[in-house]
Amino acid sequence: MSHDISGHRSEYDYAGLHEAAVSADPFHQFGQWFQEAIALDIELANAMVVATADGDGRPAARYVLLKEYSS
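Please read all numbers here as calculations on a predicted model, not as lab measurements.

Visitor: Give me the pattern of salt bridges: which residues, what numbers.
Guide: Taken as a whole, this structure holds two salt bridges when the rule is applied. For D54, the salt bridge is made with R58, and the minimal N-O distance between the two is 3.2 Å. Close ionic contact of D56 with R58 constitutes a salt bridge, the shortest N to O distance being 3.4 Å. Shared partners join several salt bridges into a network, and the residues in it are D54, D56 and R58.

Quick look at the structure:
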């Protein structure tokens, strides 16, 4: 049995990314983007994927929820 779930998604195309508008301070830029996501009421705005690779280059990824950050 096949179920078409292609319509079950959200669009996240709220704004473009222009290099001239990006802060040189990555912590400041993250804070700005995070506050914009909160203002847009994006569900789980603090969810992210953290990926690493071991000494042999094998990747591993896991989902995490950001609980706190500081600049």
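Visitor: Lay out the packing of aromatic side chains in plain terms, naming residues and giving numbers.
Guide: The full count for this structure, using the stated rule, is three aromatic pairs. Ring geometry for F30 versus F34: centroids 5.7 Å apart, planes at 20°, classification stacked. Taken together, the residues F30 and F34, both in helix α1 (residues 26-39) and four residues apart, mark about one turn of the helix. With a relative accessible area of 30%, F30 lands in the partly exposed category. Between F34 and Y69 the ring centres are 5.9 Å apart and the planes differ by 75°, which places this aromatic pair in the edge-to-face class.

Visitor: Describe the layout of surface pockets, listing the residues and the values that go with them.
Guide: When its volume is computed, the largest pocket comes out at roughly 530 Å³. Where the lining of the largest pocket is concerned, the elements lending two or more residues are α1 and β1 (47-53). Ranked by residue count, the leading element in the lining of the largest pocket is α1, at seven residues. Of the residues assigned to the lining of the largest pocket, the class counts are 15 nonpolar, four polar and one charged.

Visitor: I'd love a proper account of α1, names of residues and values included.
Guide: Residues three or four positions apart in an α-helix share a direction because the helix packs 3.6 residues into each turn. For α1, spanning 14 residues, the distance from its first C-alpha to its last is 20 Å, which sits close to the expected 20 Å at 1.5 Å a residue. Taken together, the buried positions of α1 are occupied by Q29, G31, F34 and A37. Immediately beyond the C-terminal end of α1, within one or two residues, lies D41, with a positive phi of roughly 60°.

Scoring rules and cut-offs
- Residues numbered from 1 in each chain as written.
- Predicted model: local features only at pLDDT ≥ 70, side-chain atom pairs only at ≥ 80, totals over all residues.
- Heavy atoms only, no water.
- Salt bridge = Lys/Arg side-chain N within 4 Å of Asp/Glu carboxyl O.
- Phe/Tyr/Trp six-rings, centres within 6.5 Å; stacked < 30°, edge-to-face > 60°.
- Helix = DSSP H or I, 4+ residues; strand = E, 2+ residues; numbered from the N terminus.
- Buried < 20%, exposed > 50% of the residue type's maximum accessible area, 1.4 Å probe, protein only.
- 1 Å grid on protein atoms, 1.4 Å probe; cavity = no way out; pocket = protein on both sides within 12 Å on 5 of 7 lines; lining within 4 Å.
- Points joined across faces, edges and corners; volume = space filled by probe spheres on them.
- Nonpolar A, V, L, I, M, F, W, Y, C, P; charged D, E, K, R; others polar.
- Expected span 1.5 Å × (residues − 1).

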